[in-house]
Amino acid sequence: MDEILRLKDLSFRYEEEKAWALKEVSLSISSGEKIAVLGNNGAGKSTFFRCCNGILRPKEGSLYLKGEKISWKKKEILNLRQSVGLIFQEADHQLIAGTVAEEVSFGPMNLKLSEQEVRNRVEKALAAMELLKYQEKAPHELSGGEKKRVSIADILAMEPELMLLDEPASSLDPVNQSLLEENLEKLHQKGIALVVATHDVDFAWRWAKRILIFHQGRLVADGRGEEIFADEALIEKSGLKKPLLYEVGKIYGISPLPKTLKELLPDGEGISSGSAEILPAPSDGR
Amino acid sequence: MPRVLFCLGMMVTAVCSAHPFLGAELSVVMFLWARVYGKVPVGKYLRMFRLPLGFLALSGLVLLWEYSGVREGILSFSVGPGYLSMTRETVLRTILVTFRALGAVSALFALGMTTPVTELTGVLKRLHCPDLICSLMYLMYRYIFLMYQVHGNMKQAAEGRMGYMDYRTSLRTTAGIYGNLLAYSYRQAGANFDAMESRCFDGSVRFLSGKYRKDWRKTVILVILVLLEIGICICWRSWPAI
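Thresholds, definitions, all that
- Residues numbered from 1 in each chain as written.
- Chains lettered and ligands numbered in written order.
- Predicted model: local features only at pLDDT ≥ 70, side-chain atom pairs only at ≥ 80, totals over all residues.
- Heavy atoms only, no water.
- Helix = DSSP H or I, 4+ residues; strand = E, 2+ residues; numbered from the N terminus.
- Rg over C-alpha atoms; globule rule 2.2 N^0.38 Å.
- Contact = heavy atoms within 4.5 Å.
- Areas by Shrake-Rupley, 256 points an atom, 1.4 Å probe, with all protein chains shown as cover.
- Lys, Arg positive; Asp, Glu negative; His and termini not counted.
- Charge placed at Lys NZ, Arg CZ, Asp CG, Glu CD.
- Buried area = accessible area lost by both parts, 1.4 Å probe.
- Salt bridge = Lys/Arg side-chain N within 4 Å of Asp/Glu carboxyl O.
- Polar contact = N/O pair within 3.5 Å; in protein donor to acceptor, adjacent residues only side chain to side chain.
- Nonpolar A, V, L, I, M, F, W, Y, C, P; charged D, E, K, R; others polar.
- Buried < 20%, exposed > 50% of the residue type's maximum accessible area, 1.4 Å probe, protein only.
- Pairing = 2+ DSSP bridges.
- Axes fitted to C-alpha atoms, helices over the stretch in contact; angles between N-to-C directions.
- Core = buried A, V, L, I, M, F, W, Y, C linked by side-chain atoms within 4.5 Å.
- Left-handed = near helix turned anticlockwise from the far one by under 90°.
- Expected span 1.5 Å × (residues − 1).
- Phe/Tyr/Trp six-rings, centres within 6.5 Å; stacked < 30°, edge-to-face > 60°.

**Re the overall build of chain B**
- Counting its secondary structure elements, chain B contains eight helices and three strands.
- Ordered by position from the N terminus, the helices and strands of chain B form the series α-α-α-β-β-β-α-α-α-α-α.
- The C-alpha atoms of chain B give 23 Å as radius of gyration, which overshoots the globular expectation for 242 residues (18 Å, by more than 25%).
- Once local pairs closer than 6 in sequence are excluded, the contacts in chain B between residues at least 24 apart make up 64%.
- Accessible surface computed for chain B: about 15,000 Å², of which carbon and sulfur atoms make up 69%.
- Treating the 26 positive side-chain charges of chain B as one cloud and the 13 negative ones as another, the clouds have centres 7 Å apart.

Below is the structure:
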C-alpha cells in the first residue's frame, strides 16, 4: 500500500487557547485504508482533520504528502487539499451554491480544469452518490441524508486519494446511516482511503480495519480493533465503551470475535421467535 | 445575458421616461413578465414590493415640499425665516419621479426574482466586471441568508420559551438575539469559509454554468419589447414642464 499522508510530531494550538489542541501526533495513512477515529468531545479529532487538509497550519511538527514534506507554499497546500478531501460534520457548512450541480462543480472549478472535464467529474460524482435526479434542486431543499451525499459528491468530484469524514452519521436517521455505510463501501472499492471520525464504537468495530483514539489532543492508541478494545484502562481513560458484539464475543469465547450479527449467528442458530433463549449459556457459566 | 440586458434596458427606459404613465406601464409589464416567465406568485411579488413602496411613499412626501423665502403654491407653512411650500411644480415632479422609480424598481425586482445569483455574477464576469467584486457580491448574498436563517432559529427558540410574552420581555429577547446574532453568524461564516478553503478556494467564487438552450423566440420577444418601450418613451408627449 502506498503512503498518502504522514504526520510527524504534529502539534497545533488555537490562538486564543493555552492548551494544545493536538500534541505530538505521529501516524501514517496509506491508500485503501479504512480507519475510524474515536475520542470524546474536545479530544482533537476535528482539529486533526483540519490539519491533515491544510486548513490549519501546525505550530510544530511536519506533514508529508506522498513522501514530500509540506513547506506550506500555496501550490503545495492546493495539492494537499486536492489529494486529501475533508467532509464536514455539518453539511450546511459546506453547501454554498444555488443548485446541487453547481455545488459539486465548486471544487473542480477551483482546480482550473477545463469546462468539459468539470462537467464529466460532476456527472460521475452525482451518479456515484445517486444524485442525478437532484442536480437542478437547491441544496437547502434536500433532506439531511441527501445533503450529506451532496457534501460527499462535492469532494468526490475532486478525485482525492484520501477522504476524511468528520462524524458523517451524526444527525442521520437509521435508514440514512445504512445508506452512508453503503456509500463508504463504494468509495472504498474505488481505492480511496477513508478516515471516519465517529462516536459510534459499534460502527468503528464493524467497519474499520484500524482505529485511532484521541484523548486531550494526543493520539493514545493506533491499531486493530481487537487490540484497542482489549485495553480496559485505555477505554476507560478515553471515555469510550466497548462495542456490543465485541463484548458478546468475549463473553461467549467466540473466535474470531464477530463484527456483525451475521458473523455471530451465521446460520440463525439458536434463534427461536418467541423463545427467551437466543444463545446457549456462556462458556464461563454466566 | 438576454434577460439581464432586457431588464437593464427597461430600467434605463423607466428612468428616462418623460411621463408617469410610462413608469406605471413598465411596472405592469415587468410584473406580467415575472408572473408569466418567472412564475412568481402574485402574493409573493406584492409582499416583496411593500418595502420599496413604503420607501417611495416616504421619498415622495419629501419631494412634495420646497423651501423658499416667499409664500406660494397650494399649501405653505412658515418655517424659520422662509416657507415650506407645496406647489404645482413639486406635485408634478413628485408624480414623475415616483413612477420612474416604480418602473425601475419593478425591472430590478423582475430580474432578481427570475435569475439565480450565480447567473447574474456569471453575466457580470462576462462583461469584465472584476472577479473580486463578483465573488464578494455572491458571498454577501449567501451570508444574508445565513444570518436570516440563524435569526429565524434564535427567534423560534425564544418564542418556545415565552420570550415574547409581553413588551418588556420582547425588548430584552430582541436585544439578546441581536447581540448574539453577529457572533454566531461570524462563527458559521468561518465554518463556511473553512469548507471553501478545504476545496482549494483561491478567492474567486466559480461554479459551472448550466447548459442553456438558446431560445431565440424569447430573445426576439425581449428585443421587441425593449424597442417598443424605447419608442413609446421617445414619442410620448412629455409631462408638463417642471
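**A word on the interface of chain A and chain B**
- The interface of chain A with chain B comprises 31 residues on the first partner and 22 residues on the second.
- Buried area between chain A and chain B, summed over both chains or domains, comes out near 2,500 Å², and the portion from carbon and sulfur atoms is 56%.
- Its largest share of buried area at the contact with chain B, chain A owes to H93(A), I96(A) and F106(A), together 26% of the area lost on that side.
- Linking chain A with chain B are four salt bridges.
- Seen at the junction of chain A and chain B, the total is twelve residue pairs in polar contact (both at pLDDT 80 or more).
- Elements supplying a minimum of two residues to the side of chain A that touches chain B: α1 (45–53), α2 (74–83), α3 (91–94), α4 (100–110), α5 (115–128) and α6 (144–156) of chain A.
- Counted by class, the side of chain A that touches chain B contains 13 nonpolar, eight polar and ten charged residues.

**Some details on the pairing of strand β9 (residues 210–215) of chain A**
Residues and elements named next belong to chain A.
- Counting buried positions along β9 gives six out of six residues, so the element sits mostly inside the fold.
- Alternating residues of β9 divide into R210, L212 and F214 and I211, I213 and H215, and every residue in both groups is buried.
- As defined by bridge partners, strand β3 (residues 34–38) adjoins β9 across four bridges and the pair is classed as parallel. The residue bridging V37 from the neighbouring strand is L212, located in β9.

**Some details on the sheet that holds strand β6 (residues 84–87) of chain A**
Residue and element names in this part refer to chain A.
- The six strands are arranged β6-β7-β8-β3-β9-β10 in an open sheet whose pairing can be described as mixed. Each having just a single partner strand, β6 and β10 (218–223) make up the two edges of the open sheet. Strand after strand, the sheet turns through a mean of 20° between neighbouring axes, direction not considered.
- Strand contacts of α2: β6 and β7 (162–166), with the helix running at about 60° to β6, the strand carrying the most contacts.
- In the packing of α6 onto the sheet, contacts are made with β6 and β7, and the angle to β6 comes to roughly 165°.

**Focus: the nonpolar core**
- M163(A), L184(A), L187(A) and I211(A) are the most contacted members of the largest nonpolar core, which totals 52 residues.
- F48(A), C51(A), C52(A) and L162(A) belong to the second-largest nonpolar core, a separate cluster that totals 36 residues.

**Brief notes about the packing of α4(A) against α6(A)**
Residue and element names in this part refer to chain A.
- Running from N to C, α4 and α6 cross one another at 35°; their axes reach a closest spacing of 7 Å. Classified by chirality, the crossing of α6 by α4 is right-handed. Here V100, E103 and V104 of α4 lie close against α6, whose contacting residues are V150, A153 and D154.
- Considered class by class, the residues forming the contact of α4 with α6 number four nonpolar, no polar and two charged.

**Some thoughts on helix α7 (residues 174–189) of chain A**
- The terminal C-alpha atoms of α7(A), which comprises 16 residues, lie 23 Å apart, in line with the 22 Å expected from a rise of 1.5 Å per residue.
- Phi turns positive one or two residues past the end of α7(A), at G191(A), with a value near 90°.

**Considerations on the packing of aromatic side chains**
All names here are of chain A.
- All told, the structure shown has 17 aromatic pairs over all chains when counted by the stated rule.
- Ring geometry for F48 and F214: centres 4.9 Å apart, planes at 40°, overall tilted. Residue F48 is found in helix α1, and its partner F214 is found in strand β9; the two are separated by 166 residues along the sequence. Just as F48 is buried, F214 falls in that class too.

**Considerations on the sheet that holds strand β4 (residues 60–65) of chain A**
Residues and elements named next belong to chain A.
- Pairing in this open sheet of four strands is antiparallel, and the strands run β2-β1-β4-β5 from one edge to the other. Single-partner strands in this sheet number two, and they are β2 (22–30) and β5 (68–69).
- For strand β1 (residues 3–12) and β2, the ladder comprises six bridges, and the chain directions are antiparallel. Looking at β2, one finds that E3 is bridged to S30.
- Of the strands in this sheet, β1, β4 and β5 are in contact with α2, which crosses β4 at around 65°.

**Quick look at the pattern of salt bridges**
- One pass over the structure, following the stated rule, counts 24 salt bridges over all chains.
- Notably, a salt bridge pairs R199(B) with D154(A), separated by 2.8 Å at the nearest N-O pair. Linking R199(B) in the loop between α7 (167–197) and α8 (216–235) with D154(A) in helix α6, this pair reaches from one chain into another.
- D154(A) gets classed as buried once you look at its relative accessible area, which sits at 0%.
- In this structure, K242(A) and E232(A) form a salt bridge, with 2.5 Å as the shortest nitrogen-oxygen distance. Of this pair, K242(A) sits in the loop between α10 (232–237) and α11 (244–251) while E232(A) sits in helix α10; the two residues are ten residues apart in sequence, bridging distant segments of the chain.
- A relative accessible area of 52% places E232(A) in the exposed class.
- Taken together, the salt bridges that share partners define one network made up of E117(A), R121(A), K124(A) and E159(A).

**Looking at the pairing of β7(A)**
All names here are of chain A.
- Within β7, five of the five residues are buried, leaving the element largely enclosed by the surrounding structure.
- Side chains L162, L164 and D166 of β7 all project onto a buried face; the interleaved residues M163 and L165 project onto the opposite face, where all are buried too.
- Summarising the sheet, β6 and β7 pair through four bridges and their orientation is parallel. If you follow I87 over to β7, its bridge partner there is L165.
- Across five bridges, the pairing between β7 and strand β8 (residues 193–197) is parallel. Paired with M163 across the strands is L194, a residue of β8.

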